[in-house]
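Descriptive structure summary
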Amino acid sequence: MPPANLNRRFCIAPMMDWSDRHCRVFWRQLTRQAVLYTEMVTTGALLHAEPARFLDFDDSEHPVALQLGGSNPADLARCAAMAEQWRYDEVNLNCGCPSDRVQNGSFGACLMGEAALVADGVKAMRDATSLPVTVKHRTGIDNLDSYEFLVDFVGTVADAGCEVFIVHARKAWLSGLSPKQNREIPPLEYDKVYRLKRDFPQLEIIINGGISELAAAQEHLNYVDGVMMGRSAYQSPAILCGVDRQFYSAADSSDPYAALENFFPYIESQLGKGTKLNHMTRHILGLFNGRPGAKQFRRHLSENAYKPGADLSVLQDAVNYLGNSLNKRQHLPLHSKTLQEN
């Protein structure tokens, strides 16, 4: 069952093309406590396609939040109700993505310029679901980047009932920069986010942007309620092994080797459903970064996991390159009966 109250001290960001359902199951082997966020799903995709394609997920992923992209309050309400039907733990509205495609759909970061519309969407979603409704946004857009602008946006949306704001501590340029550049070129403005928490103590403020180490994440908690890590968690996922102990006073879920071992049964079950091996193993390429054999591990998966018929033996061969770094685990156990028989 989903948790009654989400503890957002540590969250893993929604990342297009990365934080899919397979990735989230893998992350869950590294941390049992962190709140996971889906890739952004547009309201149009949910309302005009097969919802299960976008909404199905594994029970092990809890706590997990669905991030929506959209601006029409009625559509957002219908999709929020679907999120509850599919047993998500939170529904989050994207007001931070600056890509041209998102802007052409009149949602994402451009919504920061329409606080009243965002407030209408939040109210409609809250009326349609009992799930927490949260908003992820930037510190500003284009030349609308004053602290006063940020306060007006947050205050207007909070008045509609939103109690949790995830703030990417950079403004976004809606033209002239690519999404990648918008993650790197606008300077980080952590102080604005800290000030926002001081001025809205009743709100839950989660900080995002440029957080690459757990020690830095811990420091942010002196000023805000939670942190959200993005690409560092994806590119070097072993960092997540310390999250449960450091942020939740819980035992570590696993080490990288145990996490991969625990991921094997899920991979096997998905292979049986027709999922291609590389759709899952692409998320684990950075798991052993900096360890002996990691380069060969990555190369073997990159060169072989996409091939027709690739199965667990491909992953086992990649693991074998890690050699003595397995801390007496010379081989991870093979779960497939076929592999065991061979």
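Residues numbered from 1 in each chain as written. Predicted model: local features only at pLDDT ≥ 70, side-chain atom pairs only at ≥ 80, totals over all residues. Heavy atoms only, no water.

A short note on the environment of His22
- In this fold, His22 is placed in helix 1 (residues 21-28).
- Along the sequence, His22 and Phe263 sit 241 residues apart, while their C-alpha atoms lie 9.7 Å from each other.
- Sequence-distant contacts of His22, defined by excluding residues within four places in its chain, comprise Phe263, Tyr266, Gln270, Thr275, His279, Met280 and His283.
- At 2.8 Å, the side chain of His22 forms a polar contact with the side chain of Tyr266. (Helix = DSSP H or I, 4+ residues; strand = E, 2+ residues; numbered from the N terminus. Contact = heavy atoms within 4.5 Å. Polar contact = N/O pair within 3.5 Å; in protein donor to acceptor, adjacent residues only side chain to side chain.)

Considering the layout of surface pockets
- Of the volumes computed, that of the largest pocket is approximately 770 Å³.
- What lines the largest pocket is a set of 32 residues, and nearest its centre among them are Pro14, Met15, His168, Arg183 and Arg231.
- Looking at the lining of the largest pocket residue by residue, the class counts come to 12 nonpolar, 12 polar and eight charged.
- Roughly 350 Å³ of volume is contained in the second largest pocket.
- Taken together, 17 residues form the lining of the second largest pocket, with Asp20, Glu39, Val41, Arg53 and Phe54 sitting closest to its centre.
- Elements represented by at least two residues in the lining of the second largest pocket include exactly helix 1, strand 2 (35-42) and helix 3 (51-55).
- When residues in the lining of the second largest pocket are grouped by element, the largest group, five residues, is from strand 2. (1 Å grid on protein atoms, 1.4 Å probe; cavity = no way out; pocket = protein on both sides within 12 Å on 5 of 7 lines; lining within 4 Å. Points joined across faces, edges and corners; volume = space filled by probe spheres on them. Nonpolar A, V, L, I, M, F, W, Y, C, P; charged D, E, K, R; others polar.)

Let's talk about the sheet that holds strand 3 (residues 64-69)
- Taken together, eight strands build a closed barrel; the order of strands is 1-2-3-4-5-6-7-8 and the barrel is parallel. Here the average twist between neighbouring strands, direction ignored, is 25°.
- The sheet contact formed by strand 2 and strand 3 spans five bridges and is parallel. Pairing of Thr42 across the sheet is with Gly69, part of strand 3.
- Helix-sheet contacts for helix 1 involve strand 1 (10-12), strand 2 and strand 3, and the interaxial angle to strand 2 is about 175°.
- Packed onto the sheet, helix 7 (residues 147-159) meets strand 4 (90-95), strand 5 (133-138) and strand 6 (164-168) and runs at close to 170° relative to strand 5. (Pairing = 2+ DSSP bridges. Axes fitted to C-alpha atoms, helices over the stretch in contact; angles between N-to-C directions.)

Some words on the environment of Phe54
- Mapped onto the secondary structure, Phe54 falls in helix 3.
- On the basis of relative accessibility, which here comes to 26%, the residue Phe54 falls in the partly exposed class.
- Between the C-alpha atom of Phe54 and that of Met40, which follows or precedes it by 14 residues, the distance is 9.8 Å.
- Each residue touching Phe54, except ones within four places of it in the same chain, is listed here: Val41, Ala45, Leu46, Ala49 and Tyr88. (Buried < 20%, exposed > 50% of the residue type's maximum accessible area, 1.4 Å probe, protein only.)

Thoughts on the pairing of strand 2
- Counted residue by residue, strand 2 has six buried out of eight residues, so it is predominantly covered.
- Here strand 1 runs beside strand 2; their pairing, made up of two bridges, is parallel. Residue pairing for strand 2: Ile12 is matched across the bridge by Leu36.
- Handedness of the crossover joining strand 1 and strand 2 through helix 1 is recorded here as right-handed. (Right-handed = clockwise from strand over helix to strand, strands pointing away.)

Some thoughts on the pairing of strand 5
- With six of its six residues buried, strand 5 lies for the most part within the structure.
- Burial of strand 5 is two-sided: the residues Val133, Val135 and His137 facing one way and the residues Thr134, Lys136 and Arg138 facing the other way are all buried.
- Pairing analysis gives five bridges linking strand 4 to strand 5, with the strands arranged parallel. Bridging across to strand 5, Cys95 finds its partner in His137.
- For strand 5 and strand 6, the ladder comprises four bridges, and the chain directions are parallel.

Remarks on the side chain of Thr134
- Its place among the elements puts Thr134 in strand 5.
- Owing to a relative accessible area of 0%, Thr134 belongs among the buried residues under this scheme.
- There is a polar contact of 2.6 Å between the side chain of Thr134 and the side chain of Glu90.
- A distance of 2.7 Å separates polar atoms of two side chains, one belonging to Thr134 and the other to Asn92.

Some words on the pattern of salt bridges
- Within this structure, the stated rule accounts for 11 salt bridges.
- Between Arg24 and Glu61 there is a salt bridge, with the nearest N and O atoms lying 2.5 Å from each other. Note that Arg24 is positioned in helix 1 and Glu61 in the loop between helix 3 and strand 3, a separation of 37 residues in sequence. Comparing Arg24 with Glu61, the two get one shared label, buried.
- A salt bridge links Arg195 to Asp199, with the shortest nitrogen-to-oxygen separation between them at 3.9 Å. Here Asp199 and Arg195 lie together in helix 9 (residues 190-199), a separation of four residues that amounts to about one turn. (Salt bridge = Lys/Arg side-chain N within 4 Å of Asp/Glu carboxyl O.)

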